[in-house]
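The primary structure of each chain is shown beneath.
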Amino acid sequence: MNIAVSGCLLGEKVRYDGGDKRDSFIADELGKYAEFTPFCPETIVFGTPRPSVRLVTFQEQIKVLRNCDLVDVTKELEKGVREEVNRLKILELTGIIFKSRSPSCGLGTTPTYQENGLEEGKSYGLFAKACRDEYPLLPMEEEGRLCDPEVRENFVMQLFAYDAFETFKKASPKMKELVAFHTRYKFLLQAKDEKDYRELGNVTANREGLEFGELFQKYEHLFKTAISKKSSIKSIRNVLEHMAGFLKNELSTSEKATLHKQIEEYAQKRIPLIMPLNTLYQYAKKYEVDYLLEQVFLQPYPHNLALYSYLEGLNEDTLV
Ligand code: SF4
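Description of the structure in this document. All figures in this text were calculated on a predicted structure; none of them were measured in a lab.

Things to note about the overall build of the chain
Phase 1 of the analysis: Per the secondary structure count, the chain includes 12 helices and 8 strands.
Phase 2 of the analysis: The dimensions of the chain, computed from C-alpha atoms along their principal axes, are 70 × 50 × 35 Å.
Phase 3 of the analysis: The long-range fraction of contacts in the chain, counting pairs at least 24 apart against all pairs at least 6 apart in sequence, stands at 66%.
Phase 4 of the analysis: Surface exposure of the chain reaches about 15,500 Å², of which carbon and sulfur atoms provide 49%.

A closer look at the packing of aromatic side chains
Centre distance and the angle of the planes are the two values used to describe a pair of aromatic rings.
Phase 1 of the analysis: A complete count under the given rule lists 20 aromatic pairs for this structure.
Phase 2 of the analysis: Summarising the aromatic geometry, the rings of F168 and F216 are spaced 6.2 Å apart at their centres and angled 35° between planes, so their arrangement reads as tilted. Here F168, found in helix α5 (residues 149–170), pairs with F216, found in helix α8 (residues 212–227); they are 48 residues apart in sequence, far enough to count as distant.
Phase 3 of the analysis: Take F168: its relative accessible area is 14%, and that puts it in the buried class.
Phase 4 of the analysis: Summarising the aromatic geometry, the rings of F181 and Y219 are spaced 6.4 Å apart at their centres and angled 80° between planes, so their arrangement reads as edge-to-face. Note that F181 is positioned in helix α6 (residues 175–192) and Y219 in helix α8, a separation of 38 residues in sequence.
Phase 5 of the analysis: The buried category is assigned to F181, whose relative accessible area is 4%.
Phase 6 of the analysis: Cluster of aromatic residues (ring-pair linked, three or more members): F165, F168, F181, Y185, F212, F216, Y219 and F223.
Phase 7 of the analysis: Above the face of the Y113 ring, R54 is positioned so that its terminal group lies 4.2 Å from the ring centre.

Some points on the site of the ligand
Phase 1 of the analysis: With respect to spatial proximity, 13 residues lie near the ligand, and among them C8, F39, C40, K99 and C105 are the closest.
Phase 2 of the analysis: With respect to the detected pockets, the ligand is housed in the largest pocket.
Phase 3 of the analysis: By residue class, the composition of the shell around the ligand is 5 nonpolar, 4 polar and 4 charged.

As for empty space enclosed by the protein
Phase 1 of the analysis: In this structure the tally under the stated criterion is 1 cavity of 30 Å³ or more.
Phase 2 of the analysis: Of the voids in this model, the largest cavity is the one considered here, and its volume is about 60 Å³.
Phase 3 of the analysis: For the largest cavity, the full set of lining residues is E150, E153, N154, M157, S231, I236, Y266 and L273.
Phase 4 of the analysis: Broken down by element, the lining of the largest cavity gets its largest block of residues, 4 residues, from α5.
Phase 5 of the analysis: Taken together, the residues of the lining of the largest cavity sort by class into 4 nonpolar, 2 polar and 2 charged.

A look at α5
Phase 1 of the analysis: With 22 residues, α5 extends 32 Å between its outermost C-alpha atoms, agreeing within 8% with the 32 Å of an ideal straight helix rising 1.5 Å per residue.
Phase 2 of the analysis: Looking at where α5 begins, the residue whose side-chain oxygen comes 2.8 Å from the main-chain nitrogen of E150 is D148.

Quick look at the sheet that holds strand β3 (residues 53–58)
Phase 1 of the analysis: Reading across the sheet, the 4 strands line up as β4-β3-β6-β7 and stay open at both edges, with mixed pairing between neighbours. Strands at the two margins of the open sheet, each flanked by one partner only, are β4 (61–66) and β7 (119–124). Sheet twist, expressed as the average angle between the axes of neighbouring strands with direction ignored, equals 45°.
Phase 2 of the analysis: Strand direction decides the pairing type here: strand β6 (residues 107–113) and β7, joined by 5 bridges, are antiparallel. Across the sheet, residue P111 finds its bridge partner in β7, namely K122.

How each quantity is defined
Residues numbered from 1 in each chain as written. Predicted model: local features only at pLDDT ≥ 70, side-chain atom pairs only at ≥ 80, totals over all residues. Heavy atoms only, no water. Helix = DSSP H or I, 4+ residues; strand = E, 2+ residues; numbered from the N terminus. Contact = heavy atoms within 4.5 Å. Areas by Shrake-Rupley, 256 points an atom, 1.4 Å probe, with all protein chains shown as cover. Phe/Tyr/Trp six-rings, centres within 6.5 Å; stacked < 30°, edge-to-face > 60°. Buried < 20%, exposed > 50% of the residue type's maximum accessible area, 1.4 Å probe, protein only. Lys NZ or Arg CZ within 6 Å of the ring centre and 35° of its normal. Near = heavy atom within 4 Å. 1 Å grid on protein atoms, 1.4 Å probe; cavity = no way out; pocket = protein on both sides within 12 Å on 5 of 7 lines; lining within 4 Å. Sits in = over half its atoms within 2 Å of the grid points. Nonpolar A, V, L, I, M, F, W, Y, C, P; charged D, E, K, R; others polar. Points joined across faces, edges and corners; volume = space filled by probe spheres on them. Expected span 1.5 Å × (residues − 1). Polar contact = N/O pair within 3.5 Å; in protein donor to acceptor, adjacent residues only side chain to side chain. Pairing = 2+ DSSP bridges. Axes fitted to C-alpha atoms, helices over the stretch in contact; angles between N-to-C directions.

This is how it looks when you write it as structure tokens:
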């Protein structure tokens, strides 16, 4: 998968002060599974080092001002933004990761100021806003929010599901393959959003009698919308319990207790999602429950993403 990333997060010396903000989760961990396309709209037009800038609201319009002399450089930065958006447009991206709080790259966390210099709120950086408009369904996140394990799990799950859909689409699937794809994603979609999950089921049942091309487009839009949603712990817990139900006649008393304890501990935010998922997967394998084994939700992303950074005591031996 190809992910566009703020260049400074990959260690490129493109910040206003000539430095970087290398992020080891992105560069080292995610980098094992993705190719990166770095970008930096500010360097293109202002070079590095350069005076820092801020977003200032003038009569409900956001302008970009240099901090040192308050010169308006909005038009210049917009030019850099257009150039970078056009460069990314020709790539097949799976996602974009932005540097948080930046006047160009912040994804809703960039401080905005009043004319008198007082901070007034938060907004999108110019480049992040242009990307959001250009790619409404593409997975996007900020490096700051990725420190939150739940956000990280959701984003990584979205990236891998989005990438899988794009690969699936390239194989020119027919109705039969679409139904099989949907079946494999059922529990993941249900964990994301119950309503979208049901609607996707209706689309694959083709209750409206649509041509396949139209039906596929509808499915794609709904699928990408569903995977962009943040699963709640409550909905994930329900799905885990539902999946455990498929094993109720096979599991021993102690296996049942282990599984339900892990689901409970996940719900209390004491262990990451991947742990009860992994236990379910191991039991499904042991008892050869094929319907569960084919579910992507049991292995939604490689184990070493999204969890080792915040869970002490968890190691490769804990997860198979
Ligand atoms: S414009 Fe974006 S990529 Fe460039 S230094 Fe600032 S935050 Fe990093």
